[in-house]
Amino acid sequence: MSESVRVMLPEEKVNQRIAELGEEISKEFAGEPVHLICILKGSVFFTCELAKRITVPVTMDFMTVSSYGSGTTSSGNVKIKKDLDEDIAGKNVVVIEDIIDTGRTLACLLEILKERNPKKLKLCTLLDKPDRRIADVSVDYTGFVIPDEFVVGYGLDYDQRYRNLPYVGVLDLG
Ligand SMILES: O=P(O)(O)OC[C@H]1O[C@H](OP(=O)(O)OP(=O)(O)O)[C@H](O)[C@@H]1O
Ligand SMILES: Nc1nc2[nH]cnc2c(=O)[nH]1
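Note that the coordinates shown come from a computational prediction; the quantities given were computed from them, not determined experimentally. (Residues numbered from 1 in each chain as written. Chains lettered and ligands numbered in written order. Predicted model: local features only at pLDDT ≥ 70, side-chain atom pairs only at ≥ 80, totals over all residues.)

### A short note on the site of ligand 1
Taken together, 17 residues form the shell around ligand 1, and within it Lys41, Gly42, Asp101, Thr102 and Thr105 come nearest. For the shell around ligand 1, the elements supplying multiple residues, two or more each, are β2 (34–40), β3 (58–68), β5 (92–100) and α3 (104–114). Top element by residues in the shell around ligand 1 is β5. It accounts for four residues. Among the residues forming the shell around ligand 1, the class breakdown is five nonpolar, six polar and six charged. (Near = placed C-beta within 6 Å. Helix = DSSP H or I, 4+ residues; strand = E, 2+ residues; numbered from the N terminus. Nonpolar A, V, L, I, M, F, W, Y, C, P; charged D, E, K, R; others polar.)

### A short note on unusual backbone geometry
Cis peptide bonds are those with omega within 30 degrees of zero, and the linkage from Leu40 to Lys41 qualifies with 0°. Here Asp159, not a glycine, exhibits a phi torsion of approximately 50°, which is positive. Along the chain, the position of Asp159 falls in the loop between β8 (151–152) and β9 (168–172). For Asp159, a count of 10 C-beta atoms within 10 Å gives the class exposed. (Buried ≥ 20, exposed ≤ 12 C-beta atoms within 10 Å, placed from the backbone.)

### Thoughts on the environment of Lys79
With respect to the helices and strands, the residue Lys79 is situated in strand β4 (residues 74–82). Accessibility expressed as a C-beta count within 10 Å gives 9 for Lys79, which makes it exposed. Along the sequence, Lys79 and Pro166 sit 87 residues apart, while their C-alpha atoms lie 29 Å from each other. If sequence neighbours within four positions are ignored, Lys79 has contacts with Val65 and Ser66. (Contact = placed C-beta atoms within 7 Å.)

### Some details on the nonpolar core
By size, the foremost hydrophobic cluster in this structure holds 32 residues, and its most contacted members are Ile37, Phe46, Val94, Val95, Ile96 and Tyr154. Of all the secondary-structure elements, those providing two or more residues to this core are α1 (11–29), β2, α2 (44–52), β5, α3, β6 (120–128), β8 and β9. A per-element tally of this core places β5 first, with six residues. In contact with Ile37, other than residues within four places in its own chain, are Asp61, Met63, Leu84, Val93, Val95 and Ile96. (Core = buried A, V, L, I, M, F, W, Y, C linked by C-beta atoms within 7 Å.)

### Quick word on the confidence of the model for the protein chain
Averaged over the protein chain, the pLDDT score is 93; the fraction of residues at 70 or greater is 93%. Residue range residues 69–76 is modelled with pLDDT below 50. Its contacts to residues more than four positions away, or to other chains, number 10 contacts. Scored by ipTM, the complex comes to 0.96, with pTM at 0.93. (pLDDT = per-residue confidence, 0-100.)

And the structure:
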């Protein structure tokens, strides 16, 4: 077995787009603080890079939800494994995801977060794979729309590996 990764989105292109998203979010919230919710583990690289590019006051929290096991298919089972440390009531919340694929994870998670009465609840994803959508999710900020290929890097894993690649690539399992 010889795995290889083909570059889909080079590091410079990803970072440039994240800077644009940071500007967009800063403009939209003009002067008001934003509370970023990083969905672990995949979104950690994206969240850090994005947070650095937002010019309004930023606070951050982290959450772990389960959706996928090992391999490349959805388990369809979404549950909270690590909840937020802080209350989000009355806050301008932006949920940060690395990828939206079937949409099941975020459709379910946004419903849970809505019940906690944030002032605003927005969704930002680095990657969107609309071809595989099953659940309806409204995305407010999208980095890149990508075709239906299994990607790794920039936080995204295959069996916990490849998260540290500084670019987004397509995994070829050989
Ligand atoms: O739109 P969906 O089909 O529901 O898939 C998207 C979800 O899958 C990935 O997380 P994963 O469960 O792989 O966890 P990880 O971030 O820890 O790798 C991704 O970060 C989303 O949370
Ligand atoms: N690593 C990775 N995780 C995913 N979760 C949903 N789609 C993907 C994908 O293309 N790559």
